[in-house]
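Residue-level structure breakdown
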Amino acid sequence: MRGLCSMKNAVMTTPEGEPTASGGPAPVNSKKRVLVVDDFDDAREMYAEYLEFCGFEVDTARNGLEAVEKAQEGEPDIILMDLSLPVMDGWEATRRIKQDTRTRDIPVMALTGHVLAGNAEHALSVGADEFVAKPCLPQDLENKIRNMLKPSKAKPRSGQE
């Protein structure tokens with residue numbers, strides 16, 4: 001992780017992008033929840049650790065089926081979805097999340113190392129809200145997440161106004 005980001009120069013902020021008073025993590029009740037889905041342990045752990053350092057609450061999943069279940073149970077604010085996954089791939093997991101009334105309003109960021117012609121369009125067609133190619137620097141990923149979670153970008157959850 002050291003080669004990808006430098007935490008010693010990072011400015012601590014809340015998930016809304018406001019600096020915290022102490023420079024430490026944001027209070028628990030204001031943390032946004034991120035579900036990181038990746039079958040590659042190093043990538044999943046690296047993104048999870050960085051996002052936790054940045055003040056997010058993070059849950060992880062190793063495959064698409066686990067991602068669908070955790071989306072239904074944990075109500076994350078955003079999902080980072082690798083597309084090449086075992087058990088159920090990220091394409092199908094995203095499709096199921098977007099078809100379920102309980103989870104359809106959760107933004108899904110497709111995150112993949114397979115950047116072939118048409119993959120971005122296919123990811124968007126199954127319901128992904130954003131498509132990001134890996135490798136992606138953690139700081140860039142954090143910025144994209146914060147942008148997607150801004151009130152003007154975020155979709156209201158079912159039953160919430």
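Quick caveat: nothing in here was measured; it's all calculated off a predicted structure. (Residues numbered from 1 in each chain as written. Predicted model: local features only at pLDDT ≥ 70, side-chain atom pairs only at ≥ 80, totals over all residues. Heavy atoms only, no water.)

Focus: the nonpolar core
A general feature of soluble globular proteins is that nonpolar side chains tend to end up buried together. Membership of the largest hydrophobic core comes to 21 residues, with the highest contact counts inside it found for Tyr47, Leu51, Phe56, Leu80, Met109, Leu141 and Ile145. Broken down by secondary-structure element, the contributors of at least two residues to this core are strand 1 (33–37), helix 1 (41–53), strand 3 (78–82), strand 4 (108–112) and helix 5 (138–149). Counting residues per element, this core draws most heavily on helix 1, at 6 residues. Every residue in contact with Leu80, bar those within four places of it in the chain, is listed here: Val34, Leu35, Val36, Val37, Leu51, Met109, Leu111, Leu141 and Ile145. Grouped together as the second largest cluster of nonpolar side chains are 14 residues, Ala61, Ile79, Ile97 and Val108 included. (Core = buried A, V, L, I, M, F, W, Y, C linked by side-chain atoms within 4.5 Å. Buried < 20%, exposed > 50% of the residue type's maximum accessible area, 1.4 Å probe, protein only. Helix = DSSP H or I, 4+ residues; strand = E, 2+ residues; numbered from the N terminus. Contact = heavy atoms within 4.5 Å.)

Points about the environment of His114
Along the chain, His114 turns up in the loop between strand 4 and helix 4 (119–125). The spatial distance from the C-alpha of His114 to the C-alpha of Lys134 is 7.9 Å, given a sequence separation of 20 residues. Setting aside chain neighbours within four positions, we find His114 in contact with Ser84 and Asn119.

Thoughts on the UniProt feature "modified residue: 4-aspartylphosphate" (unreviewed entry) in the protein
Those residues carrying the UniProt feature "modified residue: 4-aspartylphosphate" (unreviewed entry) are Asp82 in this numbering. You can see Asp82 is positioned in strand 3. Here Asp82 falls in the buried class, since its relative accessible area comes to 5%. (UniProt positions renumbered as here; feature names shortened; annotations may be inferred.)

So, a negative patch on the surface
Where like charges cluster on the molecular surface, the negative patch consists of Asp42, Glu45, Glu49, Glu52 and Glu57. Element by element, the count of residues in the negative patch is highest for helix 1, at 4 residues. (Patch = residues over 30% accessible without salt bridge, like charges linked within 9 Å, V, L, I, M, F, W, Y side chains within 5 Å. Areas by Shrake-Rupley, 256 points an atom, 1.4 Å probe, with all protein chains shown as cover. Salt bridge = Lys/Arg side-chain N within 4 Å of Asp/Glu carboxyl O. Lys, Arg positive; Asp, Glu negative; His and termini not counted. Charge placed at Lys NZ, Arg CZ, Asp CG, Glu CD.)

Considerations on unusual backbone geometry
Following Lys134, the chain continues into Pro135 via a peptide bond in cis, with omega recorded as 0 degrees. Mapping Pro135 onto the fold places it in the loop between strand 5 (130–133) and helix 5. Positioned with a positive phi, Glu75 is a non-glycine residue whose angle comes to about 45 degrees. Here Glu75 is to be found in the loop between helix 2 (64–74) and strand 3. For Glu75, a relative accessible area of 43% translates into the label partly exposed. Positive phi values are uncommon outside glycine, yet Val87 reaches one of about 65 degrees. Examined against the element boundaries, Val87 turns out to sit in the loop between strand 3 and helix 3 (90–99).

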